[in-house]
Amino acid sequence: MPLYELSNAVRRCQNFEYRTDRPGDGARENRGFKGHAYDRLPAGERVTLLDAAGPGVVDHIWITFKNREEVAPAHLQRALRLEAYWDGAKTPAVACPLGDFFGGAFGEAVSFENELFSSPGGKCFNCFIPMPFLKRGRIELVNESDEDINQLFYTVNYRKQALEGEKIGYFHTYWSRTMPPVGQDVTILPQVEGAGRFLGCAMQVATHPRYGGAWWGEGEVKAFIDGDGDFPSWLCTGTEDYPATAWLLNPFAHRYTGCLLCDEAGGRFQIYRLHVPDPIYFNQRIRVQVQQIGGWQREKLKELFTPQNQPQVITAINMQDGSWRNAFAPEQTLSLFDEDIPGDSWMNFLRQDDWACTAWFYLDRPENGLPALQAYPERNQSLFEKQ
């Protein structure tokens, strides 16, 4: 709405200085002076960040804590679980590790800003996604680590406002840490039933050491919408193309797309894509996947593999004359060691990596029926160690 347009919406916030939903009830603890800006969150306990009667809309969540550098950040942020419940639902619409929810990059403090999230100076977490509720909104933070949070600060800004129409989109997230077998896609968002909007996702990829420095990001992100079967209605042309960049990756943070971490030496990458100006709506169901496909020049791949341990499947070859040879076309088989293939040809191959994906979406109901969040410490354990 225009900045000059007035509204009947009533602005509220909740934090340790203002713990109720009642008007004029803030800053009472020290007679109006600053007296309870932060509190402790002991190990194994939870704190309610918001408990508000509806109708209303959460507009902004801000969180920071004092000892974020004193404990291994990836351990601490993945061990902190953010949950949100709408309209009395028994299961959370949001159940996500704290750092991943805000688009984090392997627990590292990265200063960035985009349309929906920010971390000024890498010191805090901000979310600006509107989250409506009709009857009640509740947000909680759970500390599953074995370390106390000594100084937790937060503010949840929301407005109490009548919502036009009876049908709203409730905000949801889905998070998972997976390393599917070679040849299987990574699930960004399992099939969700109902009507809604896929708002975007963040992906953190730890590349498998067996592939050396071979490029990992040739897989396509695919959205299977409503009646789609084996083939999708929406897709991109490669993993680095999904955040609207090209030719491998470099660090950047733009309004709707970004790469917050590009650690080639350590094999760690984080990308995000927000479908704000290009919404992906669905009316019956949706699922979103990304393929595990890498690529490199043939001669470089031959330095990594032998005929006995070459990649299980070469999926395609991009010849230098611009033509393609596809392994899954009729009567086609491709091998890294085919002698008729020029050494500088680009070869795509199936691979297996460690993926942590956060999907943000709206749904026409407060519960999504998706699998529960993985238990801690499973969320933080390297999947390579399980092989």
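Along each chain, residues carry numbers from 1 onward, in the same order as the chain's sequence is written. Selection of residues for local features in this predicted model requires a pLDDT of at least 70, selection of side-chain atom pairs for listing and counting requires 80 or more, and totals for whole chains, interfaces and linings are taken over all residues. Values reported for side chains reflect all heavy atoms of the structure, with hydrogen atoms and water molecules removed beforehand.

### Considerations on the overall build of the chain
Here is step 1: Elements are defined by DSSP. Helices are runs of H or I of four residues or more, strands are runs of E of two residues or more, and each kind is numbered from the N terminus. Along the backbone of the chain there are three helices and 27 strands.
Here is step 2: Radius of gyration here is computed from C-alpha atoms only, and the compact-globule reference equals 2.2 Å multiplied by the residue count raised to the power 0.38. Expected size for 387 residues packed as a compact globule is a radius of gyration near 21 Å; at 23 Å, the chain falls within 12% of this value.
Here is step 3: Seen along its three principal axes, the alpha-carbon backbone of the chain occupies a region of about 80 × 45 × 40 Å.
Here is step 4: Residue burial is assigned from relative accessible area. The probe radius is 1.4 Å, only protein chains are included, and a residue is buried under 20% of its type maximum, exposed over 50%, and partly exposed in between. Counting across all 387 residues of the chain, residues that qualify as buried make up 53%.
Here is step 5: Here, residues are in contact when the closest pair of their heavy atoms is within 4.5 Å. By sequence separation, contacts in the chain at least 24 residues apart represent 77% of the contacts at least 6 residues apart.
Here is step 6: Carbon and sulfur atoms make up 50% of the accessible area of the chain, which totals about 18,000 Å².
Here is step 7: Counting rule for charge: Lys and Arg are taken as positive, Asp and Glu as negative, and neither His nor the chain ends is counted. Charged groups are reduced to one reference atom each: NZ for lysine, CZ for arginine, CG for aspartic acid, CD for glutamic acid. The centroid of the 38 positive side-chain charges in the chain is displaced by 8 Å from the centroid of its 50 negative side-chain charges. Here the Shrake-Rupley method, with its probe set to 1.4 Å, supplies the accessible areas, and only the displayed protein chains count as covering residues.

### Comments concerning the pattern of salt bridges
Here is step 1: Whenever a carboxyl oxygen of Asp or Glu lies within 4 Å of a side-chain nitrogen of Lys or Arg, that contact is scored as a salt bridge. A complete count under the given rule lists 24 salt bridges for this structure.
Here is step 2: Arg325 serves as the salt-bridge partner of Asp340, at 3.5 Å between the closest nitrogen and oxygen. Pair noted here: Asp340 is in the loop between β25 (324-326) and β26 (346-350) and Arg325 is in strand β25, with a separation of 15 residues, a long-range link.
Here is step 3: When the shortest N-O distance is used, the salt bridge between Asp353 and Arg351 registers 2.7 Å.
Here is step 4: Owing to a relative accessible area of 1%, Asp353 belongs among the buried residues under this scheme.
Here is step 5: Assessed through its relative accessible area of 0%, Arg351 is described here as buried.
Here is step 6: The network of salt bridges with shared partners includes Arg46, Arg81, Glu83, Arg138, Glu140, Glu144 and Arg379.

### Here's the deal with empty space enclosed by the protein
Here is step 1: The pocket and cavity definitions rest on a 1 Å grid over protein atoms only: a 1.4 Å probe that fits but cannot leave marks a cavity, an open set with protein on both sides within 12 Å along at least five of seven lines marks a pocket, and residues lining either have an atom within 4 Å of a point. Grid points are joined across faces, edges and corners, and a volume is the space filled by probe spheres set on the points. Applying the stated criterion across every chain yields a total of one cavity of 30 Å³ or more.
Here is step 2: By volume, the largest cavity is sized at about 30 Å³.
Here is step 3: Lining the largest cavity are Gly103, Phe112, Asn114, Phe117, Leu260, Gln270, Tyr272, Leu274 and Trp360.
Here is step 4: The biggest single contributor to the lining of the largest cavity is strand β20 (residues 268-274), with three residues.

### A look at the sheet that holds β25
Here is step 1: Think of it this way: DSSP has to see at least two bridges between two strands before they count as a pair. The strand order across the open sheet formed by four strands is β23-β26-β24-β25, and the pairing between neighbours is antiparallel. Only two strands of the sheet have a single partner each, and these edge strands are β23 (293-297) and β25. Strand-to-strand, the axes of this sheet are offset by a mean angle of 20 degrees, without reference to chain direction.
Here is step 2: Here β23 runs beside β26; their pairing, made up of five bridges, is antiparallel. Across the sheet, Ile293 pairs through a bridge with Leu350, a residue of β26. What counts as an axis is a line fitted to C-alpha atoms, over the stretch in contact for a helix, and the angles between N-to-C directions run from 0 to 180 degrees.

### Details of the environment of Cys236
Here is step 1: Looking at the element boundaries, Cys236 is found in the loop between β17 (234-235) and β18 (252-253).
Here is step 2: Sequence separation between Cys236 and Ala223 is 13 residues; the distance between their C-alpha atoms is 9.4 Å.
Here is step 3: Among residues more than four places away in sequence, those in contact with Cys236 are Glu220, Val221 and Tyr242.

### As for the nonpolar core
Here is step 1: Judged by nonpolar contacts, the single largest core of 58 residues is most densely connected at Ile63, Phe101, Phe102 and Ile139.
Here is step 2: The biggest single contributor to this core is strand β12 (residues 149-160), with five residues.
Here is step 3: Each residue touching Phe102, except ones within four places of it in the same chain, is listed here: Ile61, Ile63, Leu82, Phe112, Phe117, Phe125, Asn126 and Cys127.
Here is step 4: The next biggest cluster of nonpolar side chains, apart from the first, holds 48 residues, and it includes Val205, Ala223, Val290 and Ile314. Side-chain atoms within 4.5 Å are what join buried Ala, Val, Leu, Ile, Met, Phe, Trp, Tyr and Cys residues into a set we call a nonpolar core.

### Quick look at the pairing of strand β27 (residues 354-363)
On a regular strand, each side chain points to the face opposite its neighbour's, so the side chains alternate between the two faces of the sheet.
Here is step 1: Taken across its ten residues, β27 has ten buried, putting it largely inside the fold.
Here is step 2: What you see with β27 is no split at all: Asp354, Ala356, Thr358, Trp360 and Tyr362 on one side and Trp355, Cys357, Ala359, Phe361 and Leu363 on the other are buried throughout.
Here is step 3: The sheet contact formed by strand β13 (residues 170-178) and β27 spans nine bridges and is antiparallel. Directly across from His172, in β27, lies its bridge partner Phe361.
Here is step 4: Where strand β15 (residues 196-206) meets β27, ten bridges bridge the pair, whose relative direction is antiparallel. Paired with Cys201 across the two strands is Ala359, which belongs to β27.

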